[in-house]
Amino acid sequence: MNQSQATSLNLRVYFYTFFEDLRGSLVDLSVIVGIIAFYQFAILRTVPDDLPTMFIGLMLVAVGLALFLRGLELGIFPLGEDLSQRLARLSTRTWILVFAFVIGFATTVAEPALIAIANKAAVISQGGIDALTLRLVVAFSVGLAIVLGVVRIILDHPIHWYIITGYCLVLLATLFSPVEIVGLAYDSGGITTSTVTVPLIAALGIGLSTTLKARNPLIDGFGLIAFASVMPMIFVQGYGIYAYGSGATGAEPVLLEAAEGATTVGYCAYMETLLSSIRDVTPVALVILFFYFFVLRHPIAHFGIRAGGFGLVVLGLYLFVIGLELGLFPIGESLAIELAGSGSLLLVYSFAFLVGFATTIAEPALTAIAGKAEEISEGSIKGSLLRVFVAVGVGVGILLGAFRIVQGDSIVYYILSGYVVVIIMTFFAPRTIIPIAYDSGGVTTSTITVPIVAALGLGLATSIPGRDPLIDGFGLIAFASLFPMITVLGYGISKRETIRFHERRILRMEQEVFSKVSQHVDAGLSDNVDLDGDGIGDTAYINSLPLPKRSIITITGDSGSGVTTVTALLADSLDYRKFNAGGLFRNLAQEYDMSLGKLDQFIESNRAIDREIDTLVRRLGQGSELVLAARLGFYWIHESFSVYLRVNPETSAKRVYEDVVSGRRTEEHAESVLEIAENIERRFESTKARYLRDYGIDISNTRNFDLVIDTTDRSPEEIVAEIRTKYKAWRAG
């Protein structure tokens, strides 16, 4: 393929992926448009002014979102991961900690959502809160939080102890904070991670966990966003104690219109938006360039593509924000304020849930993170399903937050109860979902969600007598950040219970096969006997089964190569189900007080036993998300990713002998390593001859496998990491 053909192919791929992103953006936006149109036309029965302009705005949102996501994939994600990996390889950890702080501080202090909320807080508090000081406090806390998160990855500590400690400090600070600052402090945890910052922070964690040994990117790579959400709540409450003192009273209510300020129109506004988009991306670009050229002194690979990616991010963000200002914000904010003043609680609550759900589904940061989670988990975590659970959590959170404003209750009791639920659920959730659940609270409140949610909260607080906009108006964003953690943890728990349900089903199938094989052993049955009573012989049944799906990994290997250990670790890291045929054979040997060698000799004369195992393997192969250890798994499950584990014969014998001596292999007996080695060789030759005779397969020919690994000098964790890397590439191909 020449240069022009390669360029043409790349362009076709880029256009295809762009239009796929555009299609997804249009689907996401259709939910928001449908909800707003229903309330506008069917409930309030009013027609907004300038509908054609709003339609153009919505189209710009869709195109901008698609361009933004393409830019992330071409620029920010690969650069962030590569930079963090290179910094992690330096002899000192200082630079990666400096990078973590700078990227957190620089991107947060210029965050538009933070600037907007800080300005509103300054106006409503009538100077009690200084907008610039608030921004600096939040930015410093985010930088410190990301440093702490990086230290956690380096030290390989469980994330939940850090986050739970953080929640306890938040609640402790709440006891001493003025009421005027509590809602704002809780909100600050949800507005610190912007559409641009979230992907870079995620790339930092994923890149670092990929580089360090014995780290799982799914468990260790995520979680930095959670740190960046918790720390600001602590620091802002500290700032509130300083600014107000313990005896401060609430400020006089300020009308929402006064807090909103004037909006600029015309070409100046468009130019200001473009400059704002450039300003959002510039700190990220400058930090990356500084660390590449002045710290690492290393050129950026594929610089043109990476620069183009940043350009797409700027252009996409610009079109996205312009579209929001033309189409979604005017109608969304006015609708929120109208509903808040309508007096109908049913309308307010239903709108709160639906707008929370719809805006979250279309949130660019969530789309990017969910896609990354699906990629790293090799499809075990479904990005679309994760987004739905997060969106439901935001909807429920905003609904409950609106209820709290209407009732006039203190926000502390709600948030305290929510954190207690999160802490309890953490101890029941699988490790692979906990960091993503914690991160989900920080990625839900960004470009789309914050303005509409803030308008709803301040509108409710302004329209209901006796409510203080400063005390009651803020806090909805905190609810929108908290409840997604609960729903995502619930998703993880339900997924794990589903896996356990299927593993119990596999166990029942294994016991059924064990029973049938026992009949063969007891009665010495002949070749092709039907034990099911369905009139179908085993061979006919095996051949009638359909081909399985691709999300299955089949593993086999030399005795003592670590097949059992690797199968269990790999299934656990992927959240896949697992089955090990070797365990079934060992149980048979124990049941009939046979050595494995004697059992092999018996099976040679009773082919029906192999057929029963084959049937079970094929049945399991009809499913998906399975790690299956079986000698002929690669043969029966044709579309699986097949792995063979090799091991040096001496190492193999030593490992097996250690298992025999320690009692882990009670079905084998030997007096020395040499005897074990002889038994292993004899069994392998017997098995090889049997499979060559019955199936025409040479099990010593490893060319049948997608991946062959020598495990002699490698730990199980290193083997699992290599399998996951190659499996990911295989699925992508």
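Cut-offs applied
Note on numbering: residues in each chain are counted from 1, in written sequence order. Where totals are concerned, whole chains, interfaces and linings use all residues; where local detail is concerned, this predicted model gives features only for residues with pLDDT of at least 70, and gives and counts side-chain atom pairs only at 80 or more. Heavy atoms throughout the structure, all of them, feed into the side-chain values; hydrogens and water do not. Counting from the N terminus, the helices are the DSSP runs of H or I reaching at least four residues and the strands are the DSSP runs of E reaching at least two. Contacts are assigned to residue pairs with any non-hydrogen atoms lying within 4.5 Å of each other. To define axes, lines are fitted to C-alpha atoms, for helices over the stretch in contact only, and angles between the resulting N-to-C directions are given on a 0 to 180 degree scale. Just so you know how the angles are binned, under 35 degrees is roughly parallel, over 145 roughly antiparallel, 65 to 115 roughly perpendicular, and the rest oblique. We call a crossing left-handed when the near helix sits turned anticlockwise from the far one by less than a right angle, and right-handed when that turn is clockwise. Side-chain classes follow a simple rule in which Ala, Val, Leu, Ile, Met, Phe, Trp, Tyr, Cys and Pro form the nonpolar group, Asp, Glu, Lys and Arg form the charged group, and the remainder, Gly included, forms the polar group. Candidate patch residues must exceed 30% relative accessible area and have no salt bridge, after which like charges are joined if within 9 Å and Val, Leu, Ile, Met, Phe, Trp or Tyr side chains if within 5 Å. Working definition of accessibility: Shrake-Rupley area with a 1.4 Å probe, residue cover restricted to the visible protein chains. What counts as a salt bridge is simple: a side-chain nitrogen of Lys or Arg found within 4 Å of a carboxyl oxygen of Asp or Glu. Residues enter a nonpolar core if they are buried and are Ala, Val, Leu, Ile, Met, Phe, Trp, Tyr or Cys, with the set joined through side-chain atoms within 4.5 Å. Only protein chains enter the accessibility calculation, which uses a 1.4 Å probe; a residue whose area is less than 20% of its type maximum is buried, one above 50% is exposed, and one in between is partly exposed. Two strands make a pair as long as DSSP finds a minimum of two bridges between them. Confidence of the predictor at the level of single residues is captured by pLDDT, which takes values from 0 to 100.

(A) Representation of the environment of L289 in the model. Within the secondary structure, L289 sits in helix α12 (residues 267–296). For the pair L289 and P299, spaced 10 residues apart in sequence, the C-alpha to C-alpha distance is 9.4 Å. Other than its neighbours up to four places away in sequence, L289 contacts F294, I300 and F303.

(B) Broad picture of the packing of helix α2 (residues 51–88) against helix α15 (residues 364–376). The geometry of α2 relative to α15 is characterised by a closest axis approach of 11 Å and an angle of 55° between their N-to-C directions. Here α2 is positioned oblique relative to α15, judged by the angle of their axes. The handedness of the crossing between α2 and α15 is right-handed. Note on element contacts: α15 touches α2 through P364, T367, A368 and K372, opposite L65, F68, L69, L72, F77 and E81. Taken together, the residues of the contact of α2 with α15 sort by class into 7 nonpolar, 1 polar and 2 charged.

(C) View of a nonpolar patch on the surface. A surface patch of nonpolar side chains, amounting to about 750 Å² of accessible area, comprises W95, V98, L286, L289, F290, F293, F294 and F303. Elements with a contribution of two residues or more to the nonpolar patch: α3 (94–109) and α12. With 5 residues, the single largest contributor to the nonpolar patch is α12. With respect to the helices and strands, F293 occurs in helix α12.

(D) Quick peek at the environment of I164. Mapping I164 onto the fold places it in helix α6 (residues 159–176). Separated by 259 residues in the primary sequence, I164 and I423 have C-alpha atoms spaced 6.5 Å apart.

(E) Main features of the nonpolar core. Counting 155 residues, the largest nonpolar core has I146, Y167, Y186, L386, Y419 and Y438 as its most contacted members. Apart from the residues within four sequence positions on either side, Y438 is in contact with I159, H160, I163, I164, Y167, A226, V422, T426 and M485. One finds L584, V617, L628 and I637 within the second-largest nonpolar core, a separate group that totals 26 residues.

(F) Molecular detail of the sheet that holds strand β4 (residues 641–646). One open sheet accounts for 5 strands, arranged β2-β3-β1-β4-β5; its pairing is parallel. Both outer strands of the open sheet, β2 (577–580) and β5 (707–710), are each paired with one neighbouring strand and no more. Strand-to-strand twist across the sheet, computed as the mean angle between neighbouring axes with direction ignored, equals 20°. When β2 meets strand β3 (residues 626–629), the two strands line up parallel, connected through 4 bridges. Bridged to F579 within β3 is L628. Across the sheet, helix α23 (residues 563–574) touches β1 (552–557), β2, β3 and β4, and the angle it forms with β1 is around 165°.

(G) Here's a closer look at the confidence of the model for the protein. For the protein, per-residue confidence averages 79 on the pLDDT scale, and 82% of positions sit at 70 or higher. Between the elements of the protein, mean pLDDT differs from a low of 40, seen in helix α11 (residues 256–260), to a high of 95, seen in β5. Here residues 246–265 scores under 50 on pLDDT; set against residues more than four positions off or in separate chains, the count is 30 contacts. pLDDT under 50 marks residues 525–549. Its contacts with residues more than four places away, or in other chains, come to 52 contacts.

(H) Broad picture of the pattern of salt bridges. Summed over the entire model, instances satisfying the criterion amount to 12 salt bridges. Across the pair D694 and R693 runs a salt bridge, and its minimum N-O distance is 2.8 Å. The buried category is assigned to D694, whose relative accessible area is 19%. Among the residues examined, R693 registers a relative accessible area of 49% and is labelled partly exposed. A cluster of three or more residues bridged by salt bridges with shared partners is formed by K372, E375 and K728.

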